[in-house]
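For reference, the chains in residue letters:
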Amino acid sequence: MIARAREAGADLVVFPELSVTGYLLAHGVHELAMEADDPRLEPLREASRALSLVVGVPLRLAGGGIANAALLLEGGEVRGAHAKLYLPTYGMFDEGRYFVPGRLLQAVASSLGTFGILVCEDAWHLSSAVLLARQEVDAFLVVAGGPTELDAGAQAAGARRWHAIVTAMAATLVTPVCFVNRCGWEEGVMFGGGSWAVDASGAGLVEPAPPLAESLLVATLSRDAVRHHRSLHPIPQAERLDLWRAEVERDDA
Amino acid sequence: MRELPEVNVPLVAASLQVFLAEELRASGLSAYVVGLSGGVDSAVAAALAATAVGPQRVVCLALPVAASNPESLEHARRVAGAFSLQLEVLDLSEPARVLAAALAAEGDRLRLGNMAARLRMIALFDRARRVGGLVLGTSNKSEILLGYSTLFGDSAASVNPLGDLWKSHIFPLARHLGVPAPVVDKPPSADLWPGQTDAGELGFDYADADPILYWHHERGMDRQSLVGLGFPAPLVDAVLLAYRRSRFKWRPTVVARLSASCVNVDRILPRNPER
């Protein structure tokens, strides 16, 4: 996939949540967790000399515990990481049993720009993207392992929900979004695929990926277009942090 | 009255075909083994497998006993023909007779029916061992929720593509896949004794039960709400009684936990670690 992306002229390849190991690991996460300098990541570190990569791994933390993390690899090394903040532990999800939550919401600096990385459930908490937008990210990278149901719709139901979130995130924060989701089956669970990229107005830059087959989507993000959108729609700059502060103070009281 | 929501049948079919191809690949085995009963569920399971991994990698067995309706074998042959599947007929009448005599079960049609279902399970898993295959399950969601199956009999399988599909959705899926019409259109029957039908045993049709099960199991409506919506109270009571009584069949055998590493309690691990 990386070779194909390179042939297509990509500067950055983004893979889904826990892309290196698979998502439904349960206690198997203890067998597969790795540190950032793990030898098993060497082929990816090497590949990152030619183009930037975002991959998902169960990341062993120095102080103990395992994070559900996305790593940015560039120039043969790990340049940044985001540990998933919100671990869904309801319905079919049991992440709180196997992972520890991340504690920081920090944009990741890349040679290509500044990215706000969100791992799946992080994006279902709208505040995550709002706070990252305050850090003036060039784009959101939403890496997901989103399961799906099938209903009467033409698309997987999960992908439809994600597309609504991605569109709203882009349009309200005037920031492009690359949404990358697991597809196909794992342990009897179907993942919805539907990976997609939208510009800072929420308009699609490519056709969404199908639910069942691995796909390479190539999208071009334009800083000029983002600047233009943000000049016409200065919505994130108008965020009323005083309301947030009042809510936090009320909660503290 | 609330209806059962529809599903996108072609998308369901395509998704289940990918599922079956992936499960066989991940297992490292070479074929699916399925018992063709002549009914619609096993026909759909076999058709999905045939299109997923190729008919040459689907081993079909027809496993009649003395009480089986001859029409069932004819329908199994029609299904095999429709999907270019090789069908082997193994008559289990004699083993069933010997077992029934040994266990003094003659005349008890429920026990005889369970024995037939479990003998079929033995034949299917034995064939799976011989060919290096996975036994394909054919139980649908309605049957599972109502407990309408023989534990370790027809409910025993390695992989089940239909277990989260309502019986009401099996029929349009069967038509979409090209299952012969007589197999789709006949009344559902386990065919464990002459004249047996699912509706006769359960006391209601799947078409009536499925919406109740859906709104209760998936949408959380209680009995009072269901009756308030217009579902007949006796029907709601009958469906919910079967639903409550059958839960012991939904999960693997309960194991007495004595350590901090009890399998499936303290240690839940992927089934195919090398997948």
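Residues numbered from 1 in each chain as written. Chains lettered and ligands numbered in written order. Predicted model: local features only at pLDDT ≥ 70, side-chain atom pairs only at ≥ 80, totals over all residues.

**Q** Give me the environment of B:His75: which residues, what numbers.
**A** Residues and elements named next belong to chain B. Positionally, His 75 belongs in helix H3 (residues 70-82). With 107 residues separating them along the chain, His 75 and Pro 182 place their C-alpha atoms 7.7 Å apart. The residues touching His 75, leaving out its near neighbours within four places in the chain, are Gly 38, Pro 182 and Val 183. (Helix = DSSP H or I, 4+ residues; strand = E, 2+ residues; numbered from the N terminus. Contact = placed C-beta atoms within 7 Å.)

**Q** Can you tell me about helix H6 (residues 157-173) of chain A, naming the residues and giving the values?
**A** Residue and element names in this part refer to chain A. Its 17 residues give H6 an end-to-end C-alpha distance of 24 Å, which sits within 8% of 24 Å, the value for a rise of 1.5 Å per residue. Looking at H6, one finds that the buried residues are Gly 158, Ala 159, Trp 162, Val 166, Met 169, Ala 170 and Leu 173. Around the axis of H6, the buried residues are gathered within 95° of arc, so they sit on the same side. (Expected span 1.5 Å × (residues − 1). Buried ≥ 20, exposed ≤ 12 C-beta atoms within 10 Å, placed from the backbone. Arc of directions from axis to C-beta.)

**Q** Can you tell me about the nonpolar core, naming the residues and giving the values?
**A** Of all hydrophobic cores here, the largest spans 142 residues; its most connected members are A:Val142, A:Val143, A:Val177, B:Val44, B:Ala46 and B:Ala49. If one sorts the elements of this core by residue count, helix H2 (residues 40-53) of chain B sits on top with 10 residues. Setting aside residues no more than four positions away along its own chain, A:Val142 makes contact with A:Leu118, A:Ala123, A:Val166, A:Val177, A:Cys178, A:Phe179 and A:Val180. With five residues, the next largest nonpolar core counts A:Met190, A:Phe191, A:Ala209 and A:Leu212 among its residues. (Core = buried A, V, L, I, M, F, W, Y, C linked by C-beta atoms within 7 Å.)

**Q** Tell me about the sheet that holds strand S3 (residues 87-89) of chain B, and please be specific about residues and values.
**A** Residues and elements named next belong to chain B. If you walk across this open sheet you meet the four strands as S3-S2-S1-S4, and the pairing is parallel. Each edge of the open sheet is held by one strand with a lone partner, namely S3 and strand S4 (133-135). The average undirected angle you get between the axes of adjacent strands in this sheet is 25°. Across four bridges, strand S1 (residues 31-35) lies against strand S2 (residues 58-62) in parallel orientation. Paired with Val 34 across the two strands is Cys 60, which belongs to S2. Across the face of the sheet, H2 comes into contact with S1 and S2 while running at roughly 165° to S1. Across the sheet, H3 lies against S2 and S3, angled at about 160° from S3, the strand it touches most. (Pairing = 2+ DSSP bridges. Axes fitted to C-alpha atoms, helices over the stretch in contact; angles between N-to-C directions.)

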